[in-house]
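# Examination of the molecular architecture
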Number of protein chains: 4
Amino acid sequence: MTSSIGIHGRPSAAEPGGTGPVGYSLPLSPTGESAMLTPPPWHFSGEVIMVDYRVDPDAARRFLPPGLEPGADPGAAAAVFATWQWCSQDGAELTEPGRCQFGEFLILLSCEFEGRPMARCPYAWVDQAVPMMRGWVQGMPKQFGTIHQSRPVTVGRAGSRLAPGGRFDGALTVHGRRVVEASVTVERSTDQRPVLHDVPLAHTLAFPEWVTSGDRPRPKLVASEVSDVEFSTIWTGSGDLAFIDGLEGDFRTLAPLETGAGHVFSYGETLQGGRLLSD
Amino acid sequence: MTSSIGIHGRPSAAEPGGTGPVGYSLPLSPTGESAMLTPPPWHFSGEVIMVDYRVDPDAARRFLPPGLEPGADPGAAAAVFATWQWCSQDGAELTEPGRCQFGEFLILLSCEFEGRPMARCPYAWVDQAVPMMRGWVQGMPKQFGTIHQSRPVTVGRAGSRLAPGGRFDGALTVHGRRVVEASVTVERSTDQRPVLHDVPLAHTLAFPEWVTSGDRPRPKLVASEVSDVEFSTIWTGSGDLAFIDGLEGDFRTLAPLETGAGHVFSYGETLQGGRLLSD
Amino acid sequence: MTSSIGIHGRPSAAEPGGTGPVGYSLPLSPTGESAMLTPPPWHFSGEVIMVDYRVDPDAARRFLPPGLEPGADPGAAAAVFATWQWCSQDGAELTEPGRCQFGEFLILLSCEFEGRPMARCPYAWVDQAVPMMRGWVQGMPKQFGTIHQSRPVTVGRAGSRLAPGGRFDGALTVHGRRVVEASVTVERSTDQRPVLHDVPLAHTLAFPEWVTSGDRPRPKLVASEVSDVEFSTIWTGSGDLAFIDGLEGDFRTLAPLETGAGHVFSYGETLQGGRLLSD
Amino acid sequence: MTSSIGIHGRPSAAEPGGTGPVGYSLPLSPTGESAMLTPPPWHFSGEVIMVDYRVDPDAARRFLPPGLEPGADPGAAAAVFATWQWCSQDGAELTEPGRCQFGEFLILLSCEFEGRPMARCPYAWVDQAVPMMRGWVQGMPKQFGTIHQSRPVTVGRAGSRLAPGGRFDGALTVHGRRVVEASVTVERSTDQRPVLHDVPLAHTLAFPEWVTSGDRPRPKLVASEVSDVEFSTIWTGSGDLAFIDGLEGDFRTLAPLETGAGHVFSYGETLQGGRLLSD
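In short, a report on the structure. Throughout, residues of each chain are indexed from 1 in the direction in which the sequence is written. Each chain takes a letter, starting from A, and each ligand takes a number, starting from 1, following the order in which they are written. Confidence filtering applies because this is a predicted model: local features only for residues at pLDDT of at least 70, side-chain atom pairs given and counted only at 80 or more, and all residues used for totals across whole chains, interfaces and linings. For the side-chain quantities, the full set of heavy atoms in the structure was used; hydrogens and water were omitted.

## Section: helix α3 (residues 129-138) of chain C
Residues and elements named next belong to chain C. Burial status follows relative accessibility: with a 1.4 Å probe on protein chains alone, a residue under 20% of its type maximum counts as buried, one over 50% as exposed, and anything between as partly exposed. Here a helix means four or more residues in a row that DSSP labels H or I, a strand means two or more in a row labelled E, and each is numbered from the N terminus. Of all ten residues that make up α3, ten are buried, and the element is covered over most of its length. Taken residue by residue, α3 has A129, V130, P131, M132, M133, R134, G135, W136, V137 and Q138 as its buried positions. Of the residues one or two after α3, G139 is the one with positive phi, at around 85°.

## A short note on unusual backbone geometry
The bulk of non-glycine residues show a negative phi, and the bulk of peptide bonds are trans. In the segment running from P40 of chain A into P41 of chain A, the intervening peptide bond is cis, with an omega of 10°. Relative to the assigned elements, P41 of chain A resides in the loop between β2 (11-12) and β3 (42-54). Its identity is not glycine, yet D228 of chain A carries a phi of approximately 55°, on the positive side. A positive phi angle, near 50°, is found at E114 of chain C, a position not held by glycine.

## With respect to the relation of the copies chain B and chain C
Mapping one chain copy onto the other needs a rotation about an axis and a shift along that axis. The transform that puts chain B on chain C rotates by 180° and translates by 0.0 Å along the axis, for an RMSD of 0.0 Å. The superposition operator between the copies reduces to a two-fold rotation axis. Interface overlap between copies is the fraction of interface residues in one copy that are interface residues in the other; for chain B against chain C it reaches 100%, indicating a shared surface. Only residues with pLDDT of at least 70 in both copies count here: their C-alpha atoms drive the least-squares fit that superposes the copies. Any pair of residues with heavy atoms lying within 4.5 Å of one another is described as a contacting pair.

## Topic: the interface of chain D and chain B
Opposite the seven residues of chain D that make contact, chain B presents seven residues. Buried area adds together the accessible area that both of two parts lose upon being put together, with accessible area traced by a 1.4 Å probe. Summing the contributions of chain D and of chain B, the shared interface buries around 570 Å²; its carbon and sulfur component is 29%. It is G176, R177 and R178 of chain D that lose the most area in chain D upon contact with chain B, and together they represent 66% of the buried surface on that side. Any Lys or Arg side-chain nitrogen found within 4 Å of a carboxyl oxygen on Asp or Glu counts as a salt bridge. Connecting chain D to chain B are two salt bridges. Any pair of N or O atoms that falls within 3.5 Å is considered a polar contact. Within protein, one atom must be able to donate a hydrogen and the other to accept it, and sequence-neighbouring residues count only if both atoms are side-chain atoms. For the pair chain D and chain B, the interface holds eight residue pairs in polar contact (both at pLDDT 80 or more).

## What about the packing of aromatic side chains?
Stacked, edge-to-face and tilted labels apply to pairs of Phe, Tyr and Trp rings (six-membered ring for Trp) whose centres lie within 6.5 Å, assigned for plane angles under 30 degrees, over 60, and everything in between, in that order. With the rule as written, the count across this model stands at 64 aromatic pairs over all chains. Arranged with centres 5.0 Å apart and planes meeting at 70°, the rings of F231 of chain A and Y267 of chain A form a pair that is edge-to-face. Of the two residues, F231 of chain A is situated in strand β14 (residues 220-231) and Y267 of chain A in strand β16 (residues 258-278); the sequence distance between them amounts to 36 residues. When its relative accessible area of 6% is taken as the criterion, Y267 of chain A is described as buried. Aromatic pair W84 of chain D and Y267 of chain D: ring centres 6.3 Å apart, planes at 75°, arrangement edge-to-face. Of this pair, W84 of chain D sits in strand β5 (residues 76-88) while Y267 of chain D is found in strand β16 (residues 258-278), placing the two residues 183 residues apart along the sequence. Exposure remark for W84 of chain D: the relative accessible area of 8% places this residue in the buried category. Counting every residue linked through ring pairs, the aromatic cluster contains Y53, F63, F81, F105, Y123, W125, F243 and F251 of chain A.

What follows is the structure in structure tokens.
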């Protein structure tokens, strides 16, 4: 079996028309159409509830791999809830809302690579399998959880409007236990983007090796490359964040010492691929 | 055990401070706080994708109980997907997005009661238990299903905007089978409300009797009483609707003969209670 | 609309062949086949993990309606996890494992009716909608939760065998929070049935009233009538039980003061219907 | 960041005590405890419902990568439903039934490697995230689905016993559509193991590359190495299998031309790791 260049110029697992099943990812099949994942670019449109917070700078540092430094604001962190739609380049998934939607919760830590501000995501959870697996392709440590967040409303009394005093909540459950709760009460609109949502993410490509071999890939530090970033008006106010239950040890070292501003906004981007930071 | 007047002027199952557990609904408990349901009023704010369609008028008539007539437009029907937030009078549920959100799909049939236009809901599905049970309190035949619908986006490329050409989809799965798919492509905005979403619903109160007794309640024809109705701007265009699989017989007699306009809008209302139409 | 005698000698909502849609329950439809619930008898076969425990006798008493007394062993309680299959009289549901299976957790309190030992179920949760609704038909206060319990194994190393030292766990999550955890370590097999699983259940028929009317049914004390009870060999040992999080107030008054024996067994019964204890 | 030898002699992503977060898999964390996956060995105990069937031999061949041949019985295939418990070497997961249980459906194709009978798994679905990701570590193409299968009963009337005439069903739903249904009616017990459940699985290690680099791993043909295999008594009879809906193209080329025997049994194994067949 030889490698080859597949659809969209990205390497596929085997050659179409060749001597075996092919595909961008497992499952490999005669035409490649069965692959669970499509190749990038992937488009995303999401609704975000975000809380800035402070974490013990030493704890944060222990989550940074070689090459990443704490940077100018050590201990700056954020908790982010997002309700996404996604699609591949041709948009085919959009006609199936059960496939193109997912919820996500993630933690971001402020850091730098060669003096450039970036964010490190030590933990993330999603509620669909395809985005989870796609996370691992990028080095983003997505696990499976149950995620809920408030939806701003424009009519009726069952929810807050995006207006001063509006309150928006998020909650994460993992393995049947409530892990995180967050809340934002918005005060004013702004076009100032939340810092940690406006810097590149630095991930570590790492996947368990199944058989020992000479060409085993070492963990690699990579940055996600995105384009077509769009922010809606950003509603900003005060944020609240609590780590509740269910996860211990390393995760809890990133519990909030202090919470800061909260933000509610819509966000769009296209994830084009990854770029090697250091090998 | 005696009946009594409970919270919000509605009958509770037993008297607080009396000689047994109490509550608006099961589970009864010493203070009544364990009741699964809160008493009305209930507020709702939702995002709706709706397709007008035509059904065999004879089939529709067979779903109308005595007292309801086919009315001026026999065979007019609609398929409605909605993503809701709800809360009780005090809004307490809104801080828990996992509790206050649900998805719904329902069929509406045009009908009249004593010459007044109404809608009959022969089938409905929701994806949360509290709205399902609350449906039966009202005589609305809600069952359990998996419901997904497109979310309009304002940024990014993973979804349609509420603008000419925008496409929005809905899908219902019941017991592991895809039952219904719908799609709306919007063309223009209007303030003309979709007819079947703007008339009262006429339900039948009916609950299986467990022990034979003299005071068994007969099925009753009731109308839901709502207030504070709000519509957003309505985006209207063409609709598509298909009954796919999984439900047979009576349900399929309501399959679309023809599809008409499609609508996408936000909707708010407060459900105040029920009114007896005929006994 | 008039009441009538329906299928299996039970009242249906309206008369087949009559002037409106019919059925044992909502949804009513032309033939009655769309009813979400089938009429009893209902057959059940389950795998049970049960922990006997002691509750504050005063707390237990506050959950007993008029007519039920604490009896000879006030404060005796049990926590029961069960994995069920169920079917209607004709067994039709058994070919669809996604429909005929559900998980359940419930609390039982020791009590007496006119000197006869019974059990009162103040709280129950299931993970499927049909058993939840069927619970309310019987007056059993079933809510919706996520329930998991260990499966005994006969081969391999991923689980305990039903043999001395075997450990079996149960867990309940409600609205994203872990509410209860239980564990049983079995020591010996016996044919002595756990007391609270071998007495009739006394429920209260109560359903919220939607419109005020003269013939409103008062809450009624009823007993479930079961036949064809079968127990497997019962494995008995020590039990553990903890109330964790997520439910407050009335529920927590039933927290364990002390835990007793634990039991693991298979159980079958047929639920024939209900019998009025007092009106 | 340098590679190193981690827990259980397997490579970890980085060195504990070193200069960055570590772990057998993502998420990397200071102690490595946050890793979503534990290293092998993994123990499994399962309940299996299996249908032998015939597939177009040419279609099967198109799913075989270079190195695998159709072998002595081209077109032999099987559809397998299994309800699993799993645990790591120390058994820690067993006290959390919500974590250690999952359902699986997979297709097996008969094949050979260098004359030795093996099975190729072109498609598999599970209902939990950890087993899905662990599948990709092994090269097993597990996706996410909803899986249900009958549970044999020993008491009561809601299910079949493992006895002549007992019927056991399985069903797979993917993205809201029923994909596969299977049924086995058992006739007799035997100790003859179903052929395709008693040969090694040959998988292809393939994971999408995110950044182009010199040491990119090529797809590799590997065999899973298992130990401690245990079968219960095997109940055998006739099998039924249907591909229903929802998956097209390549998957449907493996639809049954003919169904053969069906089998119901318990199965245990320990998955020790992988062995390279060809590079």
